[in-house]
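The lines below spell out each chain.
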Amino acid sequence: MSRLSKIIQSREQWKQKANDRGEKARYLKKENRRLKKERDEHKKAARQARSELDALRRKQPPHPVQHKADLVYIALQLFTVARIGYRAVSRVLRVLSPYLGIPKAPCAQTIVNWVTRLSIVKIEKVSELCTTFAVADKPGNNGFIWMIDLSIGLGAGKILSVLALDVQHHQGRKAPTVQDVHCVAVAVATSWTGELIAAFLAKVMAVTGHPAAFLKDGGTDLGKAARLLSEQGSPSLCIDDLSHKIANLFKQAYGEHPLFDVFLSACGDISKQFKQTVLACLAPPKVSVKARFMNLHRLVAWAEQLLSHSPPGAAAEGSVLAKLRDSLDTLPECKPFINRFVRDARPLLACQKILKTEGLNRKTYRRCTQLIKTIPPRSSVRKGFWQWLQAQFAIAKALKVDKTGLPISTDAIESLFGLGKRHGTGEIKDANRIALRQPALCGQLTKEDARRVLAVSVREQREIEGQVSSLIKQRREVLPNPGTLETLADFSQQNNIELIPGSK
């Protein structure tokens, strides 16, 4: 190949390479422009998305918990309203902490301290409430009805509680609950007599003024305390609780009935025979042995319904009816007792439902008068209830609530005792621990209460509960250590809880 041919061929190869490089460069330049354009569009979209997200975040409401008082309020609501234990409150707050904005959920012991301080706060608020509800034309009258009752816990301590209920409560036409009462005072002692109760109530009334009336059960010690206060110059009307009155009437009328013991024995035998059988769902309800006549009507109503499932006539062999009749024991023989008890109980229970809901006023007085007419006139139950009704209606007139309604039930304080023994006391039902929780469980919880809880110092809390003996402390110090049994006598000499307005 000549030199010229080599030059021409080399030139053609160079041209081809140049064309290839040019096409590649033009393609890359075009792609770079496209990518830059897409990049700019994505940047613009990202900036717009960020601005929209910031706007949405600004529109979203803030976390519910902005201050520590909000956290205290939620924790106390879980304890007093949802009624879950201290550890459960801590676990719930731990789960909800990301949504509530809580950096760290409080531990169970912190919840215990908050509940204790809530009791202190609510006791201190009583003086303010008594000033608000004071009766202008009756100096010293704080405008409340005081419910007073006693209860026992585990150990030697016995709890005396005083709750305040507005005299005009039944303007709302509802039965009083724990949320409607305020704990005026609570104390624990080894024993309570009429003199000790009167002295304690006098100490409380020196701070709060005397109540418009006392609402109590038929206990002789509470009645004696009211008489002593009246003799000392603090007269107050005494309202007798409706449920206890009806229970006492039943006890007087049926406690010595010849079929009463037979009926109870038959119910116990039926309960044993029904268990672990196809008839287990028909077992009798449980009735307390100590306050048997408070709920005896439930047992009698059960017996009446059960006997209605056994009509006259033969039963097929091996049938459920045959099994039922084989298990009835002597219950059919108690029909005279059952029928008579139901005859007296139904009108009184109907009256009880009306009076607990609406209070004793002119309308309910007339309705109850008509209801008890179905009981024979010679019945001691009818006579006793009629005398009670007239006496309580006279008190309603004296308090000027015969139009709105007089509260005549201590169910609220009974509920408080039951709630205090089940909620927030642990396995050992220490009377002092139960008493210390009771004020916190009464009334409505407000955010102002939560703020006041944070204002209670550790020193104030220890002054109230620091010197109080504890069954849990005794158990921990004595049970694992043989030879320390005699130290229990030292524990028994320690102080008990006493919470009254101004106690701190």
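Residues numbered from 1 in each chain as written. Predicted model: local features only at pLDDT ≥ 70, side-chain atom pairs only at ≥ 80, totals over all residues. Heavy atoms only, no water.

Structural notes on the environment of P284
Positionally, P284 belongs in the loop between α8 (260-274) and α9 (296-307). Sequence spacing of P284 and F274 is ten residues, and the spatial spacing of their C-alpha atoms is 9.1 Å. Residue contacts for P284: discarding those within four places in its chain leaves C267, I270, S271, L299 and W302. (Helix = DSSP H or I, 4+ residues; strand = E, 2+ residues; numbered from the N terminus. Contact = heavy atoms within 4.5 Å.)

Side note on the pairing of strand β1 (residues 144-152)
Among the nine residues that make up β1, eight are buried, leaving the element largely enclosed by the rest of the structure. Pairing of β1 with strand β2 (residues 158-166), which is carried by nine bridges, proceeds in the antiparallel orientation. Counterpart to F144 in the pairing with β2 is D166. Of the pairings in the sheet, the one linking β1 to strand β4 (residues 213-216) comprises three bridges and is parallel in character. Across the sheet, I145 pairs through a bridge with A213, a residue of β4. (Buried < 20%, exposed > 50% of the residue type's maximum accessible area, 1.4 Å probe, protein only. Pairing = 2+ DSSP bridges.)

Re the packing of aromatic side chains
All chains considered together, the criterion is met by 13 aromatic pairs. On the numbers, 6.0 Å between centres and 35° between planes, the contact of F337 with F341 is tilted. In this pair, F337 and F341 are both assigned in helix α11 (residues 335-358), four residues apart and thus about one turn of the helix distant. A relative accessible area of 0% means that F337 is categorised as buried. Positioned over the ring face of Y73 is K447, at 5.8 Å from the centre of the ring. (Phe/Tyr/Trp six-rings, centres within 6.5 Å; stacked < 30°, edge-to-face > 60°. Lys NZ or Arg CZ within 6 Å of the ring centre and 35° of its normal.)

Brief notes about the pairing of β4
Going residue by residue along β4, you find A213 and L215 tucked away on one face and F214 and K216 tucked away on the opposite face as well. Direction of pairing for β4 relative to strand β5 (residues 237-240): parallel, over a ladder of four bridges. Bridging from a neighbouring strand, A213 pairs with L237 of β5. Each parallel crossover has a hand, and the one from β4 via helix α6 (residues 220-231) to β5 is right-handed. (Right-handed = clockwise from strand over helix to strand, strands pointing away.)

Concerning the sheet that holds strand β3 (residues 182-189)
Spatially, six strands are ordered β5-β4-β1-β2-β3-β6 in an open sheet, and the strand pairing comes out mixed. The open sheet terminates on both sides in strands that have one partner only, identified here as β5 and β6 (498-499).

So, the state of the cysteines
In this structure the tally under the stated criterion is zero disulfides. Free cysteine C351: the closest other cysteine sulfur is in C368, separated by 3.7 Å. (Disulfide = S-S within 2.5 Å.)

Here we look at helix α7 (residues 242-254)
Helix length check: α7, at 13 residues, gives a terminal C-alpha distance of 18 Å against a target of 18 Å (1.5 Å per residue), a fit within 8%. The complete set of buried residues in α7 reads L242, S243, H244, I246, A247, L249, F250, A253 and Y254. Next to the buried residues of α7 lie β5, α8, α11, α13 (380-398) and α14 (411-422). (Expected span 1.5 Å × (residues − 1).)

A short note on the nonpolar core
Counting 107 residues, the largest nonpolar core has F250, F263, L331, I338, L355, F385 and L406 as the members making the most contacts within it. Setting aside chain neighbours within four positions, we find L355 in contact with H170, L242, L360, T364, C368, F385, W388, L389 and I408. Within the second largest apolar cluster, 26 residues are counted, among which are I197, M205, L229 and I500. (Core = buried A, V, L, I, M, F, W, Y, C linked by side-chain atoms within 4.5 Å.)

Considerations on the pattern of salt bridges
A complete count under the given rule lists 16 salt bridges for this structure. The salt bridge involving E38 is made with R34; its shortest N-O contact spans 2.9 Å. In this pair, E38 and R34 both sit in helix α1 (residues 3-59), four residues apart, roughly one turn of the helix. The partly exposed category is assigned to E38, whose relative accessible area is 32%. Across the pair R459 and E463 runs a salt bridge, and its minimum N-O distance is 2.7 Å. With a gap of four residues between them, R459 and E463 both fall in helix α17 (residues 458-465), about one helical turn apart. On the basis of relative accessibility, which here comes to 53%, the residue R459 falls in the exposed class. Overall, the relative accessible area of 45% leaves E463 in the partly exposed class. (Salt bridge = Lys/Arg side-chain N within 4 Å of Asp/Glu carboxyl O.)

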